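Here is how the chains run, residue by residue.
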Amino acid sequence: CAQKAVAHFPADNSLIVLLGTIYQELCQYSDAETSYLKALGLNPDCFAAAFNLAQLRIAQDDMQSAVTWAQRAASISPDRGEAKLLIQKLHHQLE
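Residues numbered from 1 in each chain as written. Predicted model: local features only at pLDDT ≥ 70, side-chain atom pairs only at ≥ 80, totals over all residues. Heavy atoms only, no water.

A. Helix H6 (residues 81–94), seen in detail. Taking 1.5 Å per residue, 14 residues should reach 20 Å; H6 reaches 20 Å between its end C-alpha atoms and fits that length. Listed as buried for H6 are Ala83, Leu86, Ile87 and Leu90. Looking straight down H6, one finds that the buried residues subtend no more than 105 degrees of arc, so they occupy a single side. Seen from the open side of H6, the exposed residues pointing more than 90 degrees away from its buried face are Gln88 and His92. (Helix = DSSP H or I, 4+ residues; strand = E, 2+ residues; numbered from the N terminus. Expected span 1.5 Å × (residues − 1). Buried < 20%, exposed > 50% of the residue type's maximum accessible area, 1.4 Å probe, protein only. Arc of directions from axis to C-beta.)

Set out below in structure tokens:
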């Protein structure tokens, strides 16, 4: 279980993001957010956590916050096109 892995390796960002992804898939959005924010607390340059927070906000119909998190992901890894594409899609939806 991902929770046990995180308990054994509490500073492993990849495990924390994975746990957040699992929570998000289970629609446990508060727990997912907590995991992603914890990952960002350990590593402010964690692209996966910022990008997943953008996706989480979309699932919660909070498009403005989704844009903010997608922009943060894009600033963390400017070479990753998925964040830029997500920003474009969100801007199109907000028009």
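B. Representation of the confidence of the model for the protein chain. Mean pLDDT over the protein chain works out to 91, with 88% of the residues at or above the 70 mark. Here helix H1 (residues 2–8) stands out as the least confident element of the protein chain, with mean pLDDT 61; helix H4 (residues 47–59) is the most confident, with 97. (pLDDT = per-residue confidence, 0-100.)

C. Seen up close, the nonpolar core. In terms of nonpolar packing, the biggest core is built from 28 residues, with Tyr36, Ala49 and Leu90 touching the most fellow members. Counting only elements with at least two residues in this core, the list comes to helix H2 (13–25), helix H3 (29–42), H4, helix H5 (63–76) and H6. A per-element tally of this core places H5 first, with eight residues. In this structure Tyr36 touches Val17, Gly20, Thr21, Gln24, Ala49, Asn52, Leu53 and Leu56, once residues within four positions along its chain are discounted. (Core = buried A, V, L, I, M, F, W, Y, C linked by side-chain atoms within 4.5 Å. Contact = heavy atoms within 4.5 Å.)

D. Representation of unusual backbone geometry in the model. You will see that Cys27, though not glycine, has its phi angle at about 60 degrees, which is positive. Mapped onto the fold, Cys27 is located in the loop between H2 and H3. In this structure, Asp61 is a non-glycine residue whose phi angle is positive, near 60 degrees.

E. Quick look at the packing of H2 against H4. Here H2 crosses H4 at 10 degrees, and the two axes come no closer than 10 Å. In terms of orientation, H2 and H4 fall into the roughly parallel class. Here Val17, Thr21 and Gln24 of H2 come into contact with H4, specifically with Ala48, Ala49, Asn52, Gln55 and Leu56. Per-class residue counts for the contact of H2 with H4 are four nonpolar, four polar and no charged. (Axes fitted to C-alpha atoms, helices over the stretch in contact; angles between N-to-C directions. Parallel < 35°, antiparallel > 145°, perpendicular 65-115°, else oblique. Nonpolar A, V, L, I, M, F, W, Y, C, P; charged D, E, K, R; others polar.)

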